[in-house]
Amino acid sequence: MPAGGKGSHPSSTPQRVPNRLIHEKSPYLLQHAYNPVDWYPWGQEAFDKARKENKPIFLSVGYSTCHWCHMMEEESFQDEEIGRLLSEDFVSVKVDREERPDVDKVYMMFVQATSSGGGWPMNVWLTPNLQPFVGGTYFPPEDGLTRVGFRTVLLRIREQWKQNKNTLLENSQRVTTALLARSEISVGDRQLPPSAATVNNRCFQQLDEGYDEEYGGFAEAPKFPTPVILSFLFSYWLSHRLTQDGSRAQQMALHTLKMMANGGIRDHVGQGFHRYSTDRQWHVPHFEKMLYDQAQLAVAYSQAFQLSGDEFYSDVAKGILQYVARSLSHRSGGFYSAEDADSPPERGLRPKEGAYYVWTVKEVQQLLPEPVLGATEPLTSGQLLMKHYGLTEAGNISPSQDPKGELQGQNVLTVRYSLELTAARFGLDVEAVRTLLNTGLEKLFQARKHRPKPHLDSKMLAAWNGLMVSGYAVTGAVLGQDRLINYATNGAKFLKRHMFDVASGRLMRTCYTGPGGTVEHSNPPCWGFLEDYAFVVRGLLDLYEASQESAWLEWALRLQDTQDRLFWDSQGGGYFCSEAELGAGLPLRLKDDQDGAEPSANSVSAHNLLRLHGFTGHKDWMDKCVCLLTAFSERMRRVPVALPEMVRALSAQQQTLKQIVICGDRQAKDTKALVQCVHSVYIPNKVLILADGDPSSFLSRQLPFLSTLRRLEDQATAYVCENQACSMPITDPCELRKLLHP
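Cut-offs applied
Residues numbered from 1 in each chain as written. Predicted model: local features only at pLDDT ≥ 70, side-chain atom pairs only at ≥ 80, totals over all residues. Heavy atoms only, no water. UniProt positions renumbered as here; feature names shortened; annotations may be inferred. Helix = DSSP H or I, 4+ residues; strand = E, 2+ residues; numbered from the N terminus. Phe/Tyr/Trp six-rings, centres within 6.5 Å; stacked < 30°, edge-to-face > 60°. Buried < 20%, exposed > 50% of the residue type's maximum accessible area, 1.4 Å probe, protein only. Lys NZ or Arg CZ within 6 Å of the ring centre and 35° of its normal. Axes fitted to C-alpha atoms, helices over the stretch in contact; angles between N-to-C directions. Parallel < 35°, antiparallel > 145°, perpendicular 65-115°, else oblique. Contact = heavy atoms within 4.5 Å. Nonpolar A, V, L, I, M, F, W, Y, C, P; charged D, E, K, R; others polar. Polar contact = N/O pair within 3.5 Å; in protein donor to acceptor, adjacent residues only side chain to side chain. Pairing = 2+ DSSP bridges. Salt bridge = Lys/Arg side-chain N within 4 Å of Asp/Glu carboxyl O.

In this numbering, the UniProt entry assigns the feature "domain: Spermatogenesis-associated protein 20-like TRX" (unreviewed entry) to residues 18–179. For residues 18–179, helix accounts for 48% and strand for 15%, while the C-alpha atoms at its two ends are 38 Å apart.

What follows is the structure in structure tokens.
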């Protein structure tokens, strides 16, 4: 189901009476605060009402930048008669899936198991004991040729609840029991995880079979970026680089990244990437922009630069981070969740998908009328840009991708030719064309500022902020740009200041932008889920390696301890997605077993445990990692392509982690040169440790062998260690590079 959204809603007109959602902080819940529906937020008050009045619960789940959520809000939840049905015959509950991923995952599992697919809005009917019995996604308000209308569904369920309630309850119990069995992930009788070589090769073969040779990516349409797959292919290349499959893995990943960056899924005017492509060519996107995509893609493009040395990829990474700094950053260092797909073409008009991002030929001609000197034919800057980016008078969006006809005559910028071909076509110098195109894009960017902006979801999530800390830290380290590492540091400071409870050692899931840019929390606070801990710990480990500030490593260790205490399954192995207390009442307590748009928190945790073992030598974390991988053995054996990030962790666990130790002063030039050398090479299975010679330092206390390593002739010195056995000392960055990248 597509997702996107609108910036303004007629539902918030002043003459309408607000419901109780007006007291919530979530932008998504506030979008429903003026519906004529007696909405409840998820919580005991709603459940008690359902039990007391013996009514089914209507649960509706979505998020604030979701296009079809807004459609249903406008068509059904603003309707007085539907509102009356929902308020009189059901207890209606609204949930922001980004605030409560546990609720979303449990009931999405039910919807996917009992219908043709999943998506948002997700609408599920529950017993007063929270067991699901009917579910679906978007419903039109009235019956159509192929779909039953929402009003009809409500009337049928009301009738069934009155006439056949016991049958509904029995069916619900049976489905819940089946889902419980299906969702079981446990070590069982297995002692060890499967062979990494076998699972790795199977994962590669499954990806190879689905690969699009022409346009890159791994499906026909819609096409999603899926950075976890690209990350797997890079790792696969590294361990198979002398084989044909290894070369192919690298080519598949680099070609996909290049085609995405040239396509319309990338915002060529304002940078950053849209959510997904509606076609095979990466041309017409669904225009929503999500923080988690920007974070992961910045890392993927940085890694592509490490592997290839091609600045095309590093430029894309820098563009992504420029977009995040400008459009998704809070002044205190945190990062917002998303920008919507829909916005009004002009003030006062109804929002349309993509209106902020598309262009007509006439607009471009008016903005860029200057003649281009030296061309072999009469040419303006506008004509040059339109040729290079494929703009046409009739528009370059096919009617099949524009079912509502909202984008007629409009164009999505997508690179059609290389700079060399465009230059040759008009007899121009390549650098002159590059400058002209960049100048043209900047003018379009300035003009676009005057359009009504898409709605910004200014909610801040710990998990996605953790991913973004990684995005800035890794890219800053690879490119040697302290300015980018500073953004990562400020993001980590924001997390510690606003999303961490010192007394309990717990993370909070959410905080919100208040009046005047202040930071607000819900009351009671929404506590963190597994993904919040896993993604923040990863971000802190990446930030330590980028900055060598050991305070971030110390905090990562403390958060990992808290994660283990709150989420670890001591019987079956692996981590539950939510705390036992927080999910009380939910029919299932799940372990996430899919690396999708975001990596599974269990996959990320496996990597974190390996790295923490490398930083500290604590055997408990290696044991936990092995136990986790063993619990997911069956899933990795059967469909490794569903868990490429975990397959990567499995490979790392069965190889030997490199401990790269730099002995030197953090601020000294020779230390920085060795550190930069390490960051310039793609080595995913390593930890980078700065040993400053202080025996009382945090890392010296964790790893006693560090005290045996010395600087050579008072110069910064590198050692490459495995199992605490170290190489000869190295002071020359070139020699270090040779050792790391033979």
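Turning next to the packing of aromatic side chains. Counting across every chain of the model gives 32 aromatic pairs. With a centroid separation of 5.5 Å and 85° between ring planes, the pair formed by Tyr544 and Phe615 is classed as edge-to-face. Of this pair, Tyr544 sits in helix α19 (residues 530–547) while Phe615 is found in helix α21 (residues 601–616), placing the two residues 71 residues apart along the sequence. You'll find Tyr544 and Phe615 in the same group, each marked buried. Lying across the ring of Trp120, Arg97 places its NZ or CZ 3.8 Å from the centre.

Moving on, we get to the packing of helix α6 (residues 150–163) against helix α7 (residues 165–182). Where α6 contacts α7, the axes come no closer than 5 Å and their chain directions differ by 100°. Put simply, α6 runs roughly perpendicular to α7. Together, Gln160, Trp161 and Gln163 of α6 and Lys165, Leu168 and Leu169 of α7 make up the contact between the two elements. Along the lines of polarity and charge, the residues of the contact of α6 with α7 split into three nonpolar, two polar and one charged.

Its place among the elements puts Lys55 in the loop between α2 (44–53) and β2 (57–62). Overall, the relative accessible area of 16% leaves Lys55 in the buried class. A polar contact is formed between the side chain of Lys55 and the backbone oxygen of Glu88, at a distance of 2.8 Å. Apart from the residues lying within four places of it in its own chain, the contact partners of Lys55 are Ala50, Ser87, Glu88, Asp89, Phe90, Val91, Pro128 and Trp161.

The next thing to look at is the environment of Glu142. With respect to the helices and strands, the residue Glu142 is situated in the loop between β5 (132–136) and α6. Classification of Glu142 as partly exposed rests on a relative accessible area of 39%. Residues Glu142 and Asp38 lie 104 residues apart in sequence; the distance between their C-alpha atoms is 21 Å. Not counting chain neighbours up to four residues away, the residues in contact with Glu142 comprise Gly149 and Arg151. Of note is the side chain of Glu142, whose polar atom sits 2.2 Å from the side chain of Arg151.

Further remarks concern the pairing of strand β4 (residues 122–126). Along β4, five of the five residues are buried, which leaves the element largely enclosed by surrounding structure. Note that β2 and β4 share five bridges and pair antiparallel. The residue bridging Phe58 from the neighbouring strand is Trp125, located in β4.

With that settled, the discussion passes to the pattern of salt bridges. Tallied over the full model, the rule gives 48 salt bridges. Between Arg100 and Asp102 there is a salt bridge, and its shortest N-O distance comes to 2.8 Å. Considered together, Arg100 and Asp102 belong to a single accessibility category, that of buried residues. Asp623 is the partner of Lys619 in a salt bridge, and the nearest nitrogen-oxygen pair spans 2.9 Å. Taken as a pair, Lys619 and Asp623 lie in helix α22 (residues 619–631) at a separation of four residues, close to a single helical turn. Judged by relative accessible area, which is 57%, Lys619 ranks as exposed. The class of Asp623 is partly exposed, set by a relative accessible area of 37%.

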